[in-house]
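Close look at the chain arrangement
Single-letter residue listing:
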Amino acid sequence: MKLNRILLIVAGALFALSAYSYYDSVQRAERFERGAKFLQNLNPDSIAEILIQKGEETAHLRRDGDRFVVVDAGGYPAKNESVNRFIRDALELSLEKQVGSGESLDEELELIAGGDATTEVTFKDANQADMVHFLIGKSMDEGGGNYVRRVDSDDDTIYLTSSRVYLNTGQDDFLDKEILDVEQAEIAAIRGADFVIEDEAGSLKLTGLPGGKKESNKASQLENLLSGLRFSKHFLANAPEVQGLYFDSVVDVDLKDESGYRVEVASKADKHYLRIQGYHTAGQLSIALDAGDEETTEVADKLKRQNEIQEFNDFHGSWIYEVTETTANRVKVSAKDLVEDV
């Protein structure tokens, strides 16, 4: 009897010790570690959708093949570098300390979903299920980090990040605004209504330059028209904002690979609009059965370029772009604008 009681006491002690060890291990696992990542075990390759909101500013990004598009900007392509930077910066958020929890603290630290000063971010997977949903609030009064809280779990603990959080939040921050980037060395000729600029020994020259005249600065500006060509706003071609435009200024840019681009500009109410179309002058192409390697490669390259031009037109044919006055003026030039006295 006495032995049984001793065994019972020992068993109870062992059970208590085991329970304590388990509780202690869990506590250690959940214990806050300074410098820990805020978003742990998140696979960036699984992110298929990103929703961002700060006050009235929003951005909705969705993966489309090997890139993202800005859903609420007509599905226009996003700049991969901007999306990758956003994901990287979010994943690199590290924590300085725990702050606490509670509705009153959420309000004080501006951690209210939909709040004017609160940044709300959601990462979704391919099935549109939330992977991560978190809030970024105000920064620490003395400087340093921002207060953050996840809202996709039962843990509503507020943390302070190790450094200030800077994440883009608007559509414009993500749009790929570059239309083209063609180097001057690729250009064979530029043709306007009353002028031609042609490549001569690797340098673009205005043809028929009158005696006592030289090319003006506007000529060199025109020669760089397709270098980093960008837009400030974009509109679907059937959007009401761009109806009734008269594209009365046209420039054709021939490239050395027998392709080229036609750039047209219209102006209305102190705003300037551009549309663009590619072309290829090689005509119908085919590869003869007895063609040599050099000829086969040449024709294959031209066919590839024709396909690229077709893809360019399929996409850009749907859009009209608002551009700066500087860009518009490069297209609006006439022959007299391209010369000046020596």
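Just above, that's the structure.
A brief report on the enclosed structure follows. Since the structure is predicted, the reported quantities are computational estimates derived from the model, not experimental observations. (Residues numbered from 1 in each chain as written. Predicted model: local features only at pLDDT ≥ 70, side-chain atom pairs only at ≥ 80, totals over all residues. Heavy atoms only, no water.)

Some points on the pattern of salt bridges
How we decide: A pairing counts as a salt bridge when a side-chain nitrogen of Lys or Arg comes within 4 Å of a carboxyl oxygen of Asp or Glu. Burial classification: accessible surface area is computed with a 1.4 Å probe over protein chains only, and a residue below 20% of its type maximum counts as buried, one above 50% as exposed, and the rest as partly exposed. Think of it this way: any DSSP run of H or I at least four residues long counts as a helix, any run of E at least two long counts as a strand, and we number them from the N terminus.
Scanning the entire structure with this criterion turns up 18 salt bridges. Arginine 88 is paired through a salt bridge with aspartate 89; the nearest N and O atoms lie 3.6 Å apart. A residue is classified by how much of its surface remains accessible, and aspartate 89, at 24% relative accessible area, is partly exposed. Here lysine 256 ties to aspartate 199 by a salt bridge, and the two come within 3.8 Å at their closest N and O atoms. Here aspartate 199 lies in strand S12 (residues 196-200) and lysine 256 lies in the loop between strand S17 (249-255) and strand S18 (259-268), a separation of 57 residues in the sequence. The class for lysine 256 is partly exposed, based on a relative accessible area of 46%. Looking at aspartate 199, the relative accessible area reads 27%, which means it is partly exposed. A network of salt bridges, in which partner residues are shared, links Asp257, Arg305 and Glu308.

Focus: the pairing of strand S2 (residues 57-64)
Definition in use: DSSP-based pairing: two strands are paired if at least 2 bridges between them are found.
The sheet contact formed by strand S1 (residues 49-54) and S2 spans six bridges and is antiparallel. Paired with lysine 54 across the bridge in S2 is glutamate 57. What sits between S1 and S2 in their antiparallel hairpin is a turn of two residues, with glycine 55 showing a positive phi close to 60°. By the bridge criterion, four bridges tie S2 to strand S3 (residues 67-70) in an arrangement that is antiparallel.

Brief notes about the sheet that holds strand S7 (residues 130-139)
For the record, the criterion: Contact between two residues is taken to exist if any of their heavy atoms lie within 4.5 Å; hydrogens are not considered. Only the stretch in contact is used when fitting a helix axis, every axis being a line fitted to C-alpha atoms; angles between N-to-C directions are given from 0 to 180 degrees.
Spatially, nine strands are ordered S4-S3-S2-S1-S6-S7-S8-S9-S5 in an open sheet, and the strand pairing comes out antiparallel. With one partner strand each, in any of the chains shown, strand S4 (76-77) and strand S5 (95-100) form the two edges of the open sheet. Contacting S1, S2, S3, strand S6 (119-124) and S7, helix H2 (residues 80-91) runs over the sheet at an angle of about 75° to S1.

What to know about the sheet that holds S18
Ordered in space as S13-S12-S11-S17-S18-S19-S20-S16, the eight strands form an open sheet in which the pairing is antiparallel. In this open sheet, the two edge strands, each paired with only one partner strand, are strand S13 (203-206) and strand S16 (233-236). Neighbour to neighbour, the strand axes of the sheet diverge by 25° on average, direction disregarded. The pairing of S17 with S18 spans six bridges and is classified as antiparallel. Within the sheet, the bridge partner assigned to aspartate 254 lies in S18 and is glycine 260.

Notes on the environment of lysine 205
Tracing the sequence through the fold places lysine 205 in strand S13. Taking the C-alpha atoms as reference points, lysine 205 and alanine 189, separated by 16 residues in sequence, lie 8.9 Å from one another. When sequence neighbours within four positions are dropped, the list of residues in contact with lysine 205 reads Val196, Ile197, Glu198, Glu200 and Glu215.

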